[in-house]
Amino acid sequence: MLQKILDLLKEVSTLSVKSPEELESFRLKYLSKKGIISDLFEDFRNVAVSEKKEVGQKLNLLKKNALEKYNSLKSELLTTEDISQATDLSRPSFPFSTGSRHPISIVRNEIIDIFTRIGFTVSEGPEIEDDDHVFTKLNFAPEHPARDMQDTFYISRISSEDSSPEDILLRTHTSSVQVRVMQNQKPPIRTISPGRVFRNEAISARAHCIFHQVEGLYIDENVSFADLKQTLLFFAREMFGKETEIRLRPSYFPFTEPSAEMDVSCKICGGKGCNVCKYTGWLEILGCGMVHPNVLEACNINSQKYTGFAFGMGIERLTMLKYQVNDLRLYFENDIRFLDQFKTAF
Ligand code: PHE
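Peer 1: So what's going on with the site of the ligand? Which residues, and what values?
Peer 2: Around the ligand there are 13 residues in total, and H173, S175, R199, Q213 and E215 lie nearest to it. Interatomic distance of 2.9 Å between a side-chain N/O atom of R199 and an oxygen atom of the ligand. Between the ligand and the protein, one listed contact pairs a nitrogen atom with a side-chain N or O atom of E215 at 2.7 Å. When contributions to the shell around the ligand are tallied by element, the ones reaching two or more residues are β6 (210–220), β9 (282–291) and β10 (307–314). Examining the composition of the shell around the ligand, we find that three residues originate from one element, β10, more than from any other.

Structure follows, in structure tokens:
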């Protein structure tokens, strides 16, 4: 009997199984009630007393080894099963698609980042405004065409003939935020106002009734046009690259005097001329000027003591130049196929 147990010990240690069925026959053969080991325990009764100790030890060892073997074969089978059934190695490694920032947000953040680096704060204000903050305090003459229903979305208008300070409307520019800042803070003021603006335009590839602006304002003693130019040159080079040149063309806004429009050298063709810059080598990106003394006075800032500059740009326009997307409507449709293309941007 001892020899039989020793042979079985060897057999058990070298056994292996390839399937759950083989594992089950292993269990039946060695470990079940009618299995070999159980039979051996039956026979143990007949073993001579002198051999009982040694045979008993080996028999217990056999039982222990067979059980351990069974458990280890079982867990081996489970892990191979796990890998072949539960894990599909052909699946893409990143099953969860991440979102992306909207291109308008990417460019807005970039503009904010550039100006905050040179000491500008960010100010925000209401989208639903009154005539006073959008027009009157900004030196718009009472009959100025921008006040016309054709351009401005009115929510309530006291009289259809004349405008009144109580008229409620959707802001047409974020200069209204700067009026609020001037009313509530003392110079020096250095702030930019990003936000949505609304104008009564027919929607097309080149125009939309909603768009986004960032407007800037700097008021202190002795602020000059040279400061404006230097600030905008810094901005243009941070935004479009170190080689960028700017050019200022005289323009007109009721709230600035003198006023200008700023072009940057076309970064697509490097100024040589291409279809993006319409073969001029320049791209118009913003309006600017020295804050009109009437505006300062309307906001209770002493125009004898303080001067300032202001500028305003459309984010859609800058985004179009940056990403070469030439249809404004794409920015508002939220088509995933469009938005997905900005995943690698920050
Ligand atoms: N508010 C102007 C606009 O909406 C832009 C601008 C701002 C121009 C400040 C000059 C100075 O078009």
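Peer 1: Would you mind going over the sheet that holds strand β4 (residues 168–170) in detail, with residue names and values included?
Peer 2: Reading across from one edge, β2-β4-β3 is the order of the three strands in this open sheet, with antiparallel pairing throughout. Only two strands of the sheet have a single partner each, and these edge strands are β2 (128–130) and β3 (154–156). Taken over all neighbouring pairs, the strand axes of this sheet differ in orientation by 35° on average, direction set aside. For β2 and β4, the ladder comprises three bridges, and the chain directions are antiparallel. Directly across from I128, in β4, lies its bridge partner L170.

Peer 1: Report on the pattern of salt bridges, specifying residues and quantitative values.
Peer 2: Considering all chains together, one arrives at 22 salt bridges under this definition. K64 serves as the salt-bridge partner of E68, at 3.8 Å between the closest nitrogen and oxygen. Of this pair, E68 and K64 both sit in helix α4 (residues 49–86), separated by four residues, roughly a single helical turn. Using a relative accessible area of 45% as the deciding quantity, one classes E68 as partly exposed. Where D131 meets R147, a salt bridge forms, and the shortest distance between an N and an O atom there is 2.9 Å. Here R147 lies in the loop between α6 (131–134) and β3 and D131 lies in helix α6, a separation of 16 residues in the sequence.

The rules behind these values
Residues numbered from 1 in each chain as written. Predicted model: local features only at pLDDT ≥ 70, side-chain atom pairs only at ≥ 80, totals over all residues. Heavy atoms only, no water. Near = heavy atom within 4 Å. Polar contact = N/O pair within 3.5 Å; in protein donor to acceptor, adjacent residues only side chain to side chain. Helix = DSSP H or I, 4+ residues; strand = E, 2+ residues; numbered from the N terminus. Pairing = 2+ DSSP bridges. Axes fitted to C-alpha atoms, helices over the stretch in contact; angles between N-to-C directions. Salt bridge = Lys/Arg side-chain N within 4 Å of Asp/Glu carboxyl O. Buried < 20%, exposed > 50% of the residue type's maximum accessible area, 1.4 Å probe, protein only.

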